[in-house]
Amino acid sequence: MDKVKLRSTIAAARAAIPEEDRHAASVEIRESLLDRPWVQMAGLVACYWSAGTEPATHGLVFALWKHGATVILPVLRPDDDLDWAVYDGPDTLAPGRFGIMEPVDTRRGVDAIRTAALVIVPALAVGRSTGVRLGRGGGSYDRTLARVGPNVPTVALLHEGELLDDIPAEPHDRPVRYAALPSGIVQVGTRRPAE
Ligand SMILES: Nc1ncnc2c1ncn2[C@@H]1O[C@H](COP(=O)(O)OP(=O)(O)OP(=O)(O)O)[C@@H](O)[C@H]1O
Ligand SMILES: [Mg+2]
């Protein structure tokens, strides 16, 4: 299946998840992440502010911030690359491009991601053996993940069933190391995609 078809299949499946199940899934994901020492220890966390049917990150971002981590969130640039700004509580967000909430704080530049100790990204699906993620088609996270060092944990948040055996991949696609699902956190990408 090609990327375009797979995106619409997954979007439709997400839309069919009842709101309360989606909420419960987001709580499971949040709790299993907050249980992990490598999440608790991260002083600077890059995350995203979820929208629509994505696994919700609002509670996760709030908890990380409350626990004392510095959380940076993306600010979508006109060229679809991601700038970063610091989250400083629920009152510090405003709608950006496509109505997605973004921090109003000073922009730290596209390279701010290089200093993150933990990177949490959205995805529609992840390939189990490669760790390659399918995003929404902007290439924003492919550019972002290319700036993240190999020892930094990178995690894509998924609904159940979105960790797939086979995922369409192109040379520019950047893998993640973990997929976080309601049923738990899975290490992915034992086989790296061909460069
Ligand atoms: N490093 C890069 N620099 C410039 N453009 C890029 C880069 N990586 C990917 N792109 C472009 O982004 C477009 C979309 O890529 P792709 O279909 O892989 O998106 P995606 O991974 O689903 O989206 P996202 O990364 O935002 O989640 C492609 O046309 C690709 O050429
Ligand atoms: Mg990609």
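Criteria and thresholds
Residues numbered from 1 in each chain as written. Chains lettered and ligands numbered in written order. Predicted model: local features only at pLDDT ≥ 70, side-chain atom pairs only at ≥ 80, totals over all residues. Heavy atoms only, no water. Donors = N, O, S within 2.8 Å, 3.2 Å for Na, K, Ca; no water. Helix = DSSP H or I, 4+ residues; strand = E, 2+ residues; numbered from the N terminus. Buried < 20%, exposed > 50% of the residue type's maximum accessible area, 1.4 Å probe, protein only. Pairing = 2+ DSSP bridges. Axes fitted to C-alpha atoms, helices over the stretch in contact; angles between N-to-C directions. Contact = heavy atoms within 4.5 Å. Parallel < 35°, antiparallel > 145°, perpendicular 65-115°, else oblique. Left-handed = near helix turned anticlockwise from the far one by under 90°. Near = heavy atom within 4 Å. Polar contact = N/O pair within 3.5 Å; in protein donor to acceptor, adjacent residues only side chain to side chain. Areas by Shrake-Rupley, 256 points an atom, 1.4 Å probe, with all protein chains shown as cover. Expected span 1.5 Å × (residues − 1). Arc of directions from axis to C-beta. Salt bridge = Lys/Arg side-chain N within 4 Å of Asp/Glu carboxyl O.

1. So, the coordination of the magnesium ion (ligand 2)
1) Next: Surrounding the magnesium ion (ligand 2) are the protein donor atoms D142 (OD) and D173 (OD), which sit 1.9 to 2.1 Å from the metal. Here D142, found in helix 5 (residues 140-145), pairs with D173, found in the loop between strand 10 (163-164) and strand 11 (178-181); they are 31 residues apart in sequence, far enough to count as distant.
2) Next: Take D142: its relative accessible area is 10%, and that puts it in the buried class.

2. Structural notes on the sheet that holds strand 3 (residues 82-86)
1) Next: What the 7 strands build is an open sheet, ordered 3-2-1-6-9-11-12; its pairing is mixed. With partners counted over all chains shown, the strands left at the sheet margins are strand 3 and strand 12 (184-187), one partner each. For this sheet, the mean angle separating the axes of adjacent strands, direction not counted, is 25 degrees.
2) Next: Its contacts with the sheet put helix 4 (residues 58-66) on strand 1 (44-46), strand 2 (70-76), strand 6 (118-122) and strand 9 (154-157), and the angle it makes with strand 2 is roughly 140 degrees.

3. Some remarks on the packing of helix 2 (residues 19-34) against helix 4
1) Next: Where helix 2 contacts helix 4, the axes come no closer than 9 Å and their chain directions differ by 30 degrees. Between helix 2 and helix 4, the interaxial angle falls into the category roughly parallel. Of the two possible hands of crossing, helix 2 and helix 4 adopt the one that is right-handed. On the side of helix 2, the interface is formed by R30, L33 and L34, while helix 4 contributes G59, L60, A63 and L64.

4. Observations regarding the site of ligand 1
1) Next: Near ligand 1 you find 14 residues, and of these R7, R133, S140, H172 and D173 are the closest.
2) Next: Here S140 contributes a backbone N or O atom positioned 2.8 Å from an oxygen atom of ligand 1.
3) Next: Separating an oxygen atom of ligand 1 from a side-chain N or O atom of D173 is a distance of 2.8 Å.
4) Next: Protein chains shield 68% of the accessible area of ligand 1, which is 650 Å² for the free molecule.
5) Next: For the shell around ligand 1, the secondary structure elements donating two or more residues are helix 1 (3-15) and helix 5.
6) Next: Sort the elements by how many residues they give to the shell around ligand 1 and helix 5 lands first, with 4 residues.

5. Side note on helix 1
1) Next: In this model, helix 1 (13 residues) spans 18 Å end to end at C-alpha, consistent with the 18 Å of a helix rising 1.5 Å per residue.
2) Next: Within helix 1, burial applies to K3, L6, R7, I10 and R14. Along the axis of helix 1, the buried residues cluster in a sector spanning 105 degrees; they form a single face. Those residues of helix 1 that are exposed and angled more than 90 degrees off the buried face are V4, K5 and A15.
3) Next: Where the residues of helix 1 are buried, they touch helix 2, strand 7 (125-127), strand 8 (133-134), strand 9 and strand 10.
4) Next: For helix 1, the side-chain oxygen to backbone nitrogen distance between the N-cap and V4 is 3.3 Å, and the N-cap itself is D2.

6. Concerning the pattern of salt bridges
1) Next: For the structure on display, the rule yields 12 salt bridges.
2) Next: When the shortest N-O distance is used, the salt bridge between E170 and K3 registers 2.6 Å. Of this pair, E170 sits in the loop between strand 10 and strand 11 while K3 is found in helix 1, placing the two residues 167 residues apart along the sequence.
3) Next: For K3, a relative accessible area of 13% translates into the label buried.

7. Overview of the pairing of strand 2
1) Next: Taking burial as the measure, the 7 residues of strand 2 include 5 buried ones, the bulk of the element.
2) Next: Where strand 1 and strand 2 come together, 3 bridges link them in parallel fashion. Bridge assignment links L44 to a residue of strand 2, and that residue is T70.
3) Next: Here 5 bridges tie strand 2 to strand 3, and the two strands are oriented antiparallel to one another. Residue P74 lies in a different strand from strand 3, and its bridge partner there is W84.
4) Next: The antiparallel pairing of strand 2 with strand 3 creates a hairpin that spans 5 residues between the two strands, and D80 there sits at a positive phi of about 75 degrees.

Such coordinate-based values are descriptive only and should not be taken to indicate function.
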